Amino acid sequence: EPVPQANNFISDTSSLKINMNIRMPLYGTVTRINLIDTLSLNLSDAEESNVESAGLKFKAINEMPLEADIQLYLADENYQILDSLITPAQPLLIASSQVDAAGDLQSPGSAEELIPIGTEKLNKLFGAAHILISARMNTAKNAAGNFVPVRFKANHKLDNKLGVQAKLKINVEL
């Protein structure tokens, strides 16, 4: 059966409204993205004088195609930075994940470090209410030093774990 003909036209007052969702892939290079995670810290039950030495155990699993330069900051209850824990002489770098050409995760990057805390920083640790984990991220570079374009996926994540390792002196009366 033939379709009836209709006369349609568009004028300068005509409009067309469209609602749609678009899934658009994110592909490219990035430099100097800063992510910050905050951990609450409460050492009020510990006695500072009983701690002989201490270190922070940092472990990270990185599924993102970005390498991360990590810095840890001690902050007070108002999030004012008291001190940094990683020195320029001991940088903490988390390797980028390895992905295939489609951007699918092949193997995550990782880092595991024991960061020694000197006496001065240890005193500040006892006065801190928070530890801020700052990650400055870039896409990885190739052998020529150029940033490599990568694909970003919603399921990629950076998982950080932080613990305290301490040597304590304990007096026991028998």
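Worth saying up front: this structure is predicted, and the values here are computed from it rather than measured.

The rules behind each value
- Residues numbered from 1 in each chain as written.
- Predicted model: local features only at pLDDT ≥ 70, side-chain atom pairs only at ≥ 80, totals over all residues.
- Heavy atoms only, no water.
- Helix = DSSP H or I, 4+ residues; strand = E, 2+ residues; numbered from the N terminus.
- Rg over C-alpha atoms; globule rule 2.2 N^0.38 Å.
- Buried < 20%, exposed > 50% of the residue type's maximum accessible area, 1.4 Å probe, protein only.
- Lys, Arg positive; Asp, Glu negative; His and termini not counted.
- Charge placed at Lys NZ, Arg CZ, Asp CG, Glu CD.
- Core = buried A, V, L, I, M, F, W, Y, C linked by side-chain atoms within 4.5 Å.
- Contact = heavy atoms within 4.5 Å.
- Pairing = 2+ DSSP bridges.
- Axes fitted to C-alpha atoms, helices over the stretch in contact; angles between N-to-C directions.
- Salt bridge = Lys/Arg side-chain N within 4 Å of Asp/Glu carboxyl O.
- Arc of directions from axis to C-beta.
- Polar contact = N/O pair within 3.5 Å; in protein donor to acceptor, adjacent residues only side chain to side chain.

### A closer look at the overall build of the chain
Here is step 1: Each helix and strand counted, the chain has 1 helix and 12 strands in total.
Here is step 2: Along the chain, from the amino end to the carboxyl end, the secondary structure elements read β-β-β-β-β-β-β-β-β-α-β-β-β.
Here is step 3: Computed over its C-alpha atoms, the radius of gyration of the chain comes to 26 Å, more than 25% above the 16 Å expected for a compact globule of 174 residues.
Here is step 4: Along the three orthogonal principal directions, the C-alpha set of the chain runs to about 105 × 40 × 30 Å.
Here is step 5: Per-residue burial over the chain gives 28% buried out of 174 residues.
Here is step 6: One way to put it: in the chain the 15 positive side-chain charges average out to a point 6 Å from where the 20 negative ones average out.

### Examining the nonpolar core
Here is step 1: Counting residues in each nonpolar core, the largest one holds 28 residues, and the members touching the most others are F58, I70 and L72.
Here is step 2: Looking at this core, the elements with two or more residues in it are β3 (51-62), β4 (66-75), β6 (92-94), β9 (109-117), α1 (119-127) and β10 (130-139).
Here is step 3: Residue contacts for I70: discarding those within four places in its chain leaves F58, I86, L92, I94, I133, S134 and A135.

### Concerning the sheet that holds β9
Here is step 1: Strands sit in the order β9-β3-β12 across an open sheet of 3 strands; the sheet is antiparallel. Among the strands making up the open sheet, the edge pair consists of β9 and β12 (158-168). If you compare each strand with its neighbour and ignore which way they point, the axes differ by 15° on average.
Here is step 2: Across 11 bridges, β3 lies against β12 in antiparallel orientation. Opposite K59, over in β12, you have K161 as the bridge partner.
Here is step 3: Here α1 sits on the sheet and contacts β3 and β9; the angle it forms with β9, its principal contact strand, is near 100°.

### Focus: the pattern of salt bridges
Here is step 1: Tallying each qualifying case throughout the model produces 6 salt bridges.
Here is step 2: For K167, the salt bridge goes to E52, with nearest N and O atoms at 3.8 Å. With K167 in strand β12 and E52 in strand β3, this pair connects stretches of sequence that are 115 residues apart.
Here is step 3: On the basis of relative accessibility, which here comes to 44%, the residue E52 falls in the partly exposed class.
Here is step 4: Residue R136 pairs with D69 through a salt bridge whose shortest N-O separation is 2.9 Å. Separated by 67 residues along the polypeptide, R136 in strand β10 and D69 in strand β4 bring together distant segments of the chain.
Here is step 5: You can call R136 partly exposed: its relative accessible area is 39%.

### Concerning α1
Here is step 1: Every buried residue of α1 is listed here: L122, L125 and F126. Looking straight down α1, one finds its buried side chains confined to an arc of 95°; they lie on one side.
Here is step 2: At its buried positions, α1 is contacted by β3, β4, β9 and β10.

### Digging into the pairing of β10
The two faces of a sheet get side chains in turn, since along a regular strand they alternate between them.
Here is step 1: The buried count for β10 comes to 9 of 10 residues, which makes it a mostly enclosed element.
Here is step 2: Bridge analysis of strand β2 (residues 33-40) against β10 gives 8 bridges, and the strand direction is antiparallel. Within the sheet, the bridge partner assigned to T38 lies in β10 and is L132.

### Side note on the side chain of N138
Here is step 1: Take N138: it is sitting in strand β10.
Here is step 2: A polar contact of 2.6 Å, which involves the side chain of N138, links it to the backbone nitrogen of R32.

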